[in-house]
Amino acid sequence: DRVARDVQVPDLLQHSVNASVWADKYPNPLLDANKAFDKLTEVEVIGMSMSMLGAGYETTASQLCYITRILALKPWYQTKLVDEIHNTLYTKDTNELSMDYEKLQKMSFLDAFIKEVMRVNCSVTRYIEVDRIVTNDTYLEGIYLPKNTPIIIPIWALHIDPDHFPEPMEFKPERFLPDNIDTINPYTYLPFATGPRNCIGFRFALLELKYTLVKLLCRYEFVACNETKNLECFNQLIQLASLKLLTIGLLWQKWRFWKRQGIPTDWSARSGQPFHISDNECHRKHGKVVGFYEGLRPCLSITDPNLIRKVLVTDFHKFANHRELPADSEPIGKGVFFTPYPQWKRIRALHSTAFTTGRLKAMLPIMSDTFDRLVTLLDPKARDSQVVDFRTVYDSFTFDVITRAVASIGPESPGQPSGRLPHSLRLVHV
């Protein structure tokens, strides 16, 4: 529609359109439109937009829910964040809020707080976050891996390993303060993965979390009430309960694949528990390298930082793929997440410039406008110290932000019920 009307819309979809075959169909093509011969196809543009909508909605809402509950149940963090906000973002002469992209990046405790949240609260399930598929028969530190072997990096198990984070079940933002950040070993903290195939939108996600939290704390105080749930170190809304995979007539030789290589084998993996729990128990019992089976297919789960570095970075080309969707899964299967290597490189390169600092700054007015509508819902409740179901609030808010940022779709009502599990707190106007 925007091509037919010869209009340019300031959203992420427009960036994809201008890098695609659609750019040539504009009645008056842009001078700076993609001139590359191998442009994005129409299906790839739609697939990428669908991927961004899916990845940028529920994950951010869940993190905001967890953040809000921490602040209500641990109010001293609320005080520290408010102090930093006033010292960094408020003008000294007029005491007015003056927030921009650069100032947000300078807030060290806000950054540490968000990082600790993402350490203990995994936003997405293991299977759609960090897994890799072996592209050809190869070896990983002497371990033989046939082509198409899945390699799993269980992020929650990695993040709560006491070898990497002392007292891992304690919420301690101080771990990530500038004076302490060097004590965290590389490849032990991977909320957005790392390497060439890390999360393409992670900077947008961080900006949305920081901006929203600052704006909330400038206006409200979060107070726990009877309905406030106890803190949990994972996001149960999207952790999938796993199923024990049983195959009648399993070939015993197949099931000895890992034993022949001296790799510990976990036979209880995915035995009805959520992935993050079974993964953690598995690695606590067997160590940092564990084999398991999906039916007859051997899979490898690793939490060893050196092996993670090889898989995600130094030997990336050997482990470059994610699990593929069926061939008829267009257009979502043509997005940057599911496209196989090496075709993925072209799509990633053409989309990466959508998340430059300049383009992220252009997203701030969208977040600001969406937050202003959120205020119309929250202010009356705050004045009366009402209990607020923040699961519903954040579902609608983040859906509004991502749909407007990706495709300039009209706002969702911030108070529209979502039917999700409630995470209630009492809101107080300050």
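In this text, all values refer to a predicted model and were calculated from it rather than measured experimentally.

Asks: I tried to follow the overall build of the protein chain on my own but got confused; where do I start?
Replies: Secondary structure summary: the protein chain contains 15 helices and nine strands in total. When the 430 residues of the protein chain are sorted by exposure, 53% land in the buried category. Restricting the contact set of the protein chain to residue pairs at least 6 apart, pairs at least 24 apart contribute 75%.

Asks: Just checking my understanding: could you explain the sheet that holds strand β7 (residues 297–302) for this structure?
Replies: To summarise the sheet geometry, strands pair through backbone hydrogen bonds and adopt either a parallel or an antiparallel arrangement. Taken together, four strands build an open sheet; the order of strands is β1-β4-β7-β6 and the sheet is mixed. Both outer strands of the open sheet, β1 (131–133) and β6 (289–294), are each paired with one neighbouring strand and no more. With direction set aside, neighbouring strand axes in the sheet form an average angle of 25°. Relative to β7, β6 runs antiparallel, the two being bridged by six bridges. Across the sheet, the residue bridging to V289 is I302, located in β7. Helix-sheet contacts for helix α11 (residues 305–314) involve β1, β4 (150–152), β6 and β7, and the interaxial angle to β7 is about 115°.

Asks: Mind showing me how you'd approach the environment of D279 here?
Replies: Position of D279 relative to the elements: it lies in helix α10 (residues 275–286). We classify D279 as buried; its relative accessible area is 8%. As a C-alpha pair, D279 and L158 span 121 residues in sequence and 9.5 Å in three-dimensional space.

Asks: For this particular structure, what's the right way to read the UniProt feature "binding site: heme" (unreviewed entry) in the protein chain?
Replies: Those places that UniProt annotates as "binding site: heme" (unreviewed entry) correspond, in this numbering, to C199. Relative to the elements of secondary structure, C199 occurs in the loop between α7 (155–159) and α8 (202–217). By relative accessible area, which is 32% here, C199 ends up partly exposed. Not counting the four nearest positions on each side in its chain, C199 is found in contact with F192 and R348.

Asks: Can you help me understand the confidence of the model for the protein chain in this one?
Replies: Should the pLDDT be low somewhere, the predicted coordinates at that spot are not to be read in detail. Per-residue pLDDT for the protein chain averages 83, and the proportion of residues at 70 or more is 82%. Across residues 233–253 the pLDDT falls below 50, and counting only partners more than four positions away or on other chains, this stretch makes 57 contacts in the model.

Asks: Even after reading the chapter, I still don't get the layout of surface pockets, so can you show me in this structure?
Replies: To find the voids left in a structure, one rolls a probe of water-molecule size over its atoms. By volume, the second largest pocket amounts to about 370 Å³. If you trace the second largest pocket, you find 21 residues lining it, with K115, Y189, L190, P191 and F192 closest to the centre. Here the element with the most residues in the lining of the second largest pocket is helix α6 (residues 108–120); it accounts for four residues. Class assignment of the residues belonging to the lining of the second largest pocket gives a composition of 14 nonpolar, four polar and three charged.

Asks: Teacher, can you tell me more about the pattern of salt bridges here?
Replies: Side chains that carry opposite charge are capable of pairing whenever their charged atoms lie near each other. Scanning the model with the defined rule gives 19 salt bridges in all. Close ionic contact of K210 with D111 constitutes a salt bridge, the shortest N to O distance being 2.9 Å. Of this pair, K210 sits in helix α8 while D111 sits in helix α6, and the two are 99 residues apart along the sequence. For K210, a relative accessible area of 4% corresponds to the buried category. Measuring nitrogen to oxygen at the nearest pair gives 3.3 Å for the salt bridge that ties R373 to D400. With a gap of 27 residues between them, R373 in helix α14 (residues 364–383) and D400 in helix α15 (residues 390–407) connect regions that are remote in the sequence. Classification of R373 by relative accessible area gives partly exposed; the value is 24%. Linked through salt bridges whose partners overlap, the residues forming this network are D369, R373, D400 and R404.

Asks: What exactly am I supposed to notice about the nonpolar core here?
Replies: Soluble globular proteins tend to pack their nonpolar side chains together in the buried interior. Within the largest apolar cluster, 82 residues are counted, with the highest numbers of intra-cluster contacts made by L71, F113, F204, L213 and Y394. Beyond its immediate stretch of four places on either side in the chain, Y394 contacts A61, L64, C65, T68, L216 and F222. Among the nonpolar cores identified, the runner-up in size contains 26 residues, and V130, L158, I263 and L300 belong to it.

How each quantity is defined
Residues numbered from 1 in each chain as written. Predicted model: local features only at pLDDT ≥ 70, side-chain atom pairs only at ≥ 80, totals over all residues. Heavy atoms only, no water. Helix = DSSP H or I, 4+ residues; strand = E, 2+ residues; numbered from the N terminus. Buried < 20%, exposed > 50% of the residue type's maximum accessible area, 1.4 Å probe, protein only. Contact = heavy atoms within 4.5 Å. Pairing = 2+ DSSP bridges. Axes fitted to C-alpha atoms, helices over the stretch in contact; angles between N-to-C directions. UniProt positions renumbered as here; feature names shortened; annotations may be inferred. pLDDT = per-residue confidence, 0-100. 1 Å grid on protein atoms, 1.4 Å probe; cavity = no way out; pocket = protein on both sides within 12 Å on 5 of 7 lines; lining within 4 Å. Points joined across faces, edges and corners; volume = space filled by probe spheres on them. Nonpolar A, V, L, I, M, F, W, Y, C, P; charged D, E, K, R; others polar. Salt bridge = Lys/Arg side-chain N within 4 Å of Asp/Glu carboxyl O. Core = buried A, V, L, I, M, F, W, Y, C linked by side-chain atoms within 4.5 Å.

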